[in-house]
Amino acid sequence: MPKVYKPGKVAIVLQGRQAGKKVVVIKQLDEGTKERPYPHAIVAGIERYPRKVTRTMGAKKLQRRSRVKPFIKVINYSHLFPTRYALELEGLKNSVAAEHFKEPSQREDARKNIKKLFEERYQTGKNKWFFQALRF
C-alpha cells in the first residue's frame, strides 16, 4: 500500500472535536507504537481560522483578526481524509515530537511555536486556501 500521509501533507479531520478542520501531517507512524497499536499521525491544525479583513480596518483590528488558534494531536489514519495539497513548513517538523504529548508544558510550548509559524505563513499570503475554513 502506498504511503498517503507523508510529512507536509494536508488532510481533513473527520471525527472528534476538530472534525472538518484542516491539518498538516508532521510525522506518520504506519505501523503504530506500543501505546497506540494502530496507524496514526502527529498533526498540527487550525482550530480557529483567521477572520476576514478589509482595507478600512485599523492596524490593531487587523492584527486581532489575523490570529490563528492551532492544535496538535495524534490522530488515527481512519479519522483523516487526505487531500492533494502539501504544505512545506521546515520549522514544523522539528517543533513537535511524540515526547511532547507526555508533558503538558512541552505540548503548550510546541503549540506556541506552531502558532508563530502558522501566523507568519498567513501574513506572507502563501497557501491562502489552508487558512480558510471549509464550506459545507
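Residues numbered from 1 in each chain as written. Predicted model: local features only at pLDDT ≥ 70, side-chain atom pairs only at ≥ 80, totals over all residues. Heavy atoms only, no water.

A. Structural context of the packing of aromatic side chains. Inspection of the entire model under this criterion finds 7 aromatic pairs. Geometrically, the ring pair formed by tryptophan 129 and phenylalanine 130 is edge-to-face, given 6.0 Å between the ring centres and 85° between the ring planes. Here phenylalanine 130 and phenylalanine 131 contribute two aromatic rings whose centre-to-centre distance is 5.3 Å and whose plane-to-plane angle is 85°, an arrangement assigned as edge-to-face. Judged by relative accessible area, phenylalanine 131 falls into the buried class, the value being 3%. (Phe/Tyr/Trp six-rings, centres within 6.5 Å; stacked < 30°, edge-to-face > 60°. Buried < 20%, exposed > 50% of the residue type's maximum accessible area, 1.4 Å probe, protein only.)

B. Spotlight on the side chain of serine 66. Residue placement: serine 66 occurs in the loop between helix H1 (59-65) and strand S4 (69-76). If near-sequence neighbours (up to four positions away) are discounted, serine 66 is found in contact with Pro50, Val53, Glu119, Tyr122 and Gln123. (Helix = DSSP H or I, 4+ residues; strand = E, 2+ residues; numbered from the N terminus. Contact = heavy atoms within 4.5 Å.)

C. Expanded view of the pairing of strand S2 (residues 22-29). In terms of burial, S2 is a largely internal element, 7 of the 8 residues being buried. With 3 bridges connecting them, strand S1 (residues 9-13) and S2 associate as antiparallel partners. The residue bridging valine 10 from the neighbouring strand is valine 24, located in S2. As paired elements, S2 and strand S3 (residues 40-48) share 6 bridges and run antiparallel to each other. Bridge pairing links leucine 29 to histidine 40 in S3. (Pairing = 2+ DSSP bridges.)

That's the geometry; what it means functionally is another story.
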